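As a plain string of letters, each chain reads:
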Amino acid sequence: MKTARVTLIDLVLLCNTCREDEREQYSSLFGGPYDAEACAFDLYNRSRQGVSLTLYGDDGEPMMAGGWVEYEPGIWTSWMVATQAAWDTNWRSITKLSRKVMDQLFRDGARRLQINALATRTKTLQWYERGLKMQREGTLRGWCR
């Protein structure tokens, strides 16, 4: 596996093959039906604003892309898109890579890293808490469109 800078073409591939719960989240956050190309373009723009990378499998295909955008000084918000196959076979690598980036952000002066996710994404929320050692703070009722 290798990592590299996020490209728009990789994001188009990932957004066309991402998990259903990721599609539901994107639709809920931004309104309307899921549009893979619009999602890829939005994530690409985010990737240019902060820290981001793509994780590739041994076959050279992108498995996951994600990053962090500084929302306010010292406060960073995440984004990520991945295939189900990536989670099935490489969840440990995704977790280690995510923790490495998070640790570096804290070393560089971040005081808060936050993630917003639909409450229905229970396995994802468990990963945030167990894998990334994050703390659930609450439910933002009526927050999505």
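Preceding this paragraph is the structure being described.
Definitions and cut-offs
Residues numbered from 1 in each chain as written. Predicted model: local features only at pLDDT ≥ 70, side-chain atom pairs only at ≥ 80, totals over all residues. Heavy atoms only, no water. Buried < 20%, exposed > 50% of the residue type's maximum accessible area, 1.4 Å probe, protein only. Helix = DSSP H or I, 4+ residues; strand = E, 2+ residues; numbered from the N terminus. Pairing = 2+ DSSP bridges. Phe/Tyr/Trp six-rings, centres within 6.5 Å; stacked < 30°, edge-to-face > 60°. Lys NZ or Arg CZ within 6 Å of the ring centre and 35° of its normal.

Caption draft 1: Representation of the pairing of strand β2 (residues 51-56). For β2, the buried fraction is high: five of the six residues fall into the buried class. Of the strand pairs in this sheet, strand β1 (residues 2-4) and β2 are connected by three bridges, and their pairing is antiparallel. Paired with Thr 3 across the two strands is Leu 55, which belongs to β2. Where β2 meets strand β3 (residues 62-72), six bridges bridge the pair, whose relative direction is antiparallel. Following the sheet pairing, Thr 54 is matched in β3 by Ala 65. In this antiparallel pair of consecutive strands, β2 and β3, the connection spans five residues, and Gly 60 shows a positive phi of 85°.

Caption draft 2: Structural context of the packing of aromatic side chains. Scanning the entire structure with this criterion turns up three aromatic pairs. The interplanar angle of 90° and the centroid separation of 6.2 Å between the aromatic rings of Tyr 26 and Tyr 34 together place this pair among those described as edge-to-face. Given the relative accessible area of 14%, Tyr 26 is considered buried. Three or more aromatic residues joined by ring pairs form one cluster here, namely Trp 87, Trp 127 and Tyr 128. Looking at Lys 2, its charged tip hangs above the ring of Tyr 56, at a distance of 5.3 Å from the centre.

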